[in-house]
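Report on the structure
Next come the chains, spelled out residue by residue.
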Amino acid sequence: MNKARRNPVNIAAAHGILILYTLIALFPVFVILINSFKTRKAIFRDPLALPDAESFSLIGYQTVLKQGDFFLYFQNSMIVTVASLFFVLLFGAMAAFALAEYRFKGNTLMGLYLALGIMIPIRIGTVAILEMMVSSGLVNTLTALILVYTAQGLPLAVFILSEFMRQVSDDLKNAGRIDGLSEYTIFFRLVLPLVKPAMATVAVFNMIPIWNDLWFPLILAPAEETKTLTLGSQVFIGQFVTDWNAVLSALSMAILPVMILYVIFSRQLIRGITSGAVK
Amino acid sequence: MTALVLRNICKSFGKVEVLKHIDLTVEDGEFVVFVGPSGCGKSTLLRVIAGLEDATDGTVEISGKPVNDVPPAKRGIAMVFQSYALYPHLTVHDNMALALKQEKQPKAQIEARVAEASRMLELGDLLERRPAELSGGQRQRVAIGRAIVREPQLFLFDEPLSNLDAALRMNTRIEIAALHRALKASIIYVTHDQTEAMTLADKIVVLRDGVVEQVGSPMDLYNNPANQFVAGFLGAPSMNFLAAEAVGGTSGQTLGIRPEHLRITDTGPLSGSVTHVEWLGGDTNVLVEAGEAGRITVRAFGQYDIEVGAPVALDFDAAQSFHFDADGARIRG
Ligand SMILES: Nc1ncnc2c1ncn2[C@@H]1O[C@H](COP(=O)(O)OP(=O)(O)O)[C@@H](O)[C@H]1O
Ligand SMILES: [Mg+2]
């Protein structure tokens, strides 16, 4: 923005609103973090107080690390999230390329059919999915979760990516064809690097729901060795007693990897959202 | 041997017919320019020749062989695109070498050809740069270099100069003409700019709405246009068209006179007043509002002091004028 169009009142208002929103959004996270470092009594006495010498305690983290196989849960969540994202991006981009690049009968219909999943939540099909997983022997495997999350992420991925791929220069792809590149090389080497921002956007929008999901791990993979972090943390929430120290500590630790992945994707993500166009 | 033969090429996108029954021959070593207004199907025709689009009907022959079922890379062609279309992730050197690597040429051969092309196009200092680090003119030269290294039987250029500024466009035009002389290659060059067409072509193909209007040498087309469209499209400023009645001709016919064939005189068949004057130094363009004949452009060679509003009369040689019927077809005789 140039100087002439900059109005101090507007800038102050915009920053004020954004800062307020940031505070509101971060407040629950902040409360979880400070309380995870306090004794149980201190949590209930004054939930908003910072931990001090008297109330400081690592009991929550100790419980989490001792009880259950926290690192295994962590690893399961990581495997499921990363593998699902990988397949969503790979297959989503491939389908999007086909829809955007090739003229074939039913192209538009196919695009609409693939986009239908955006409007219909996959959980409606839970019973059928469970039956399928049981008959194919995939219950209590991470594969089951990866398959379901891939299916869940594909519609939006195809929709967003095909829009971006339509904007990649035809000349560039045609130059590749004339130089004898295969369609796969054109896709992987020429087109994919140009839609990176869109890929990052899709990755972030898919990542958080997968990481936080409780529904499918509970139904499809509740066994001890396939528990995800979200499901694993549930052991501390009982019907009669809840170990709040442990729950808060588990939640605090669960935030970390998502934040790391977000930082990796965020620069591309911002470009993807703000540009809306690739050259 | 003929470089290219097109027989009855038709192309439709859905119900829209973009190319209609195109027949054309390009001789070996010939520089052929496709010219026509935007959207008339020039690029589509070029893509059909390259094999990037399948023709709906008709056959394409390159160097005597039908190539309808041959993929673009095996047709013996190279193409230069309007947007340059350089590979953003490769250096200038690798951009030029890629096609040869794909053909599995020996490494020494690849290096020799890239070196030769970069010498011709003066790209020596840029070989290790990426396209993002080049100016528009440099990118254009790399795109041309990428085509040259393949030593194709047929070069295809799709409006290669339209993204360059005026000065650079003229220089590059001269370079392309020099390149044609040096390589003795067959070239098909697409443009909507009649100056490029006139200056570069051995043979011009004028297209309109997917139909070939006329084929011929630049001077053929200038001196002997087949119809009103060709007459109006070639030559700058473009030909004046007036109702033949205004100068005592047959009603319903159109009279065409080139601006350079009109003379400003004291008495003449046309008269009116000056509405605008453009002094270009070498010549002067005078716009005259000539009553029922309408607005007429006169191109006078040299510099003239003419005031806006001055009454003038215009004269011309009947032998240098053209007659067209109501459908725009040329009436000879
Ligand atoms: N892939 C396509 N699908 C549908 N119509 C197209 C396609 N490519 C070109 N056209 C149409 O064909 C016509 C000719 O286009 P083009 O060959 O690019 O014209 P030119 O290069 O002469 O400006 C235009 O009307 C354009 O809209
Ligand atoms: Mg074009």
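Cut-off values and rules
Residues numbered from 1 in each chain as written. Chains lettered and ligands numbered in written order. Predicted model: local features only at pLDDT ≥ 70, side-chain atom pairs only at ≥ 80, totals over all residues. Heavy atoms only, no water. Helix = DSSP H or I, 4+ residues; strand = E, 2+ residues; numbered from the N terminus. Buried < 20%, exposed > 50% of the residue type's maximum accessible area, 1.4 Å probe, protein only. Contact = heavy atoms within 4.5 Å. Areas by Shrake-Rupley, 256 points an atom, 1.4 Å probe, with all protein chains shown as cover. Lys, Arg positive; Asp, Glu negative; His and termini not counted. Charge placed at Lys NZ, Arg CZ, Asp CG, Glu CD. Pairing = 2+ DSSP bridges. Axes fitted to C-alpha atoms, helices over the stretch in contact; angles between N-to-C directions. Parallel < 35°, antiparallel > 145°, perpendicular 65-115°, else oblique. Left-handed = near helix turned anticlockwise from the far one by under 90°. Nonpolar A, V, L, I, M, F, W, Y, C, P; charged D, E, K, R; others polar. Polar contact = N/O pair within 3.5 Å; in protein donor to acceptor, adjacent residues only side chain to side chain. Phe/Tyr/Trp six-rings, centres within 6.5 Å; stacked < 30°, edge-to-face > 60°. Lys NZ or Arg CZ within 6 Å of the ring centre and 35° of its normal. Buried area = accessible area lost by both parts, 1.4 Å probe. Salt bridge = Lys/Arg side-chain N within 4 Å of Asp/Glu carboxyl O.

To continue, consider the overall build of chain B. Regarding its fold elements, chain B presents eight helices and 19 strands. Taking the principal axes of its C-alpha atoms as reference, chain B extends roughly 75 × 45 × 35 Å. Buried positions account for 51% of the 333 residues belonging to chain B. Long-range contacts, defined as pairs at least 24 residues apart, comprise 63% of the intrachain contacts of chain B with a sequence gap of at least 6. Per element, the accessible surface of chain B, about 15,000 Å² overall, is 49% carbon and sulfur. Charged side chains of chain B number 32 positive and 42 negative; the gap between the two group centres comes to 9 Å.

Below, the discussion takes up the sheet that holds strand β10 (residues 211-216) of chain B. Residues and elements named next belong to chain B. One open sheet holds the six strands; their spatial order is β6-β7-β8-β3-β9-β10, and the pairing between them is mixed. A single partner strand is all that each edge strand has here, and the edge strands are β6 (77-80) and β10. When strand polarity is set aside, the average angle formed by the axes of neighbouring strands in this sheet is 15 degrees. In the packing of helix α4 (residues 136-148) onto the sheet, the strands contacted are β6 and β7 (154-158), and the crossing angle to β6 comes to about 175 degrees.

All names here are of chain B. At their nearest, the axes of α4 and helix α5 (residues 166-183) sit 12 Å apart, and the two run at 15 degrees to each other. As summarised for this structure, α4 and α5 are arranged roughly parallel, according to the angle between their axes. In terms of crossing hand, the pair formed by α4 and α5 is right-handed. Contact with α4, carried on its side by Gly137, Gln140, Arg141, Ile144 and Ile148, involves Leu168, Thr172, Glu175, Ile176, Leu179 and Leu183 of α5 and no other residues of that element. Among the residues forming the contact of α4 with α5, the class breakdown is six nonpolar, three polar and two charged.

All names here are of chain B. Tracing the chain through its elements places Glu61 in strand β4 (residues 57-62). The exposure class of Glu61 is buried, given its relative accessible area of 16%. Residues Glu61 and Thr2, 59 residues apart in the sequence, show an inter-C-alpha distance of 8.9 Å. Ignoring sequence-local partners within four residues, the contact set of Glu61 consists of Ala3, Leu4, Val5, Arg7 and Pro66. Polar contacts involving the side chain of Glu61 include one to the side chain of Arg7, which spans 2.7 Å.

Moving on, we get to the packing of aromatic side chains. Taken as a whole and judged by the stated rule, the model has 16 aromatic pairs over all chains. Centroid distance Phe87(A) to Phe91(A): 5.7 Å. Interplanar angle 10 degrees. Geometry classified as stacked. Residue Phe87(A) and its partner Phe91(A) are both found in helix α4 (residues 70-101); the two are separated by four residues, about one turn of the helix. For Phe91(A), a relative accessible area of 39% gives the class partly exposed. We note Arg146(B) situated over the ring of Tyr87(B); from NZ or CZ to the ring centre the distance is 4.8 Å. The residue whose ring lies beneath Arg258(B) is Tyr222(B), and the NZ or CZ to ring-centre distance is 4.0 Å.

Residue and element names in this part refer to chain A. Here α4 crosses helix α10 (residues 196-212) at 145 degrees, and the two axes come no closer than 10 Å. Crossing of α4 against α10: the hand is right-handed. Across the interface between the two elements, Ser77, Met78, Val80, Thr81, Ser84, Leu85, Val88, Leu89 and Ala93 from α4 touch Met199, Val202, Ala203, Asn206, Met207, Ile210 and Trp211 from α10. Split into classes, the residues belonging to the contact of α4 with α10 amount to twelve nonpolar, four polar and no charged.

Here the focus is the interface of chain A and chain B. Taken together, the contact between chain A and chain B spans 15 residues of the former and 23 residues of the latter. Per-residue buried area on chain A facing chain B is highest for Asp171(A), Ile178(A) and Asp179(A); these three make up 43% of the total on that side. Seen at the junction of chain A and chain B, the total is two salt bridges. One salt bridge connects Arg103(A) with Glu53(B), and the closest N-O pair in it is separated by 2.7 Å. In this structure, the connection of chain A to chain B is made through six residue pairs in polar contact (both at pLDDT 80 or more). Elements with a contribution of two residues or more to the side of chain A that touches chain B: α8 (170-178) and α9 (183-194) of chain A. Looking at the side of chain A that touches chain B element by element, the count peaks at seven residues for α8(A).

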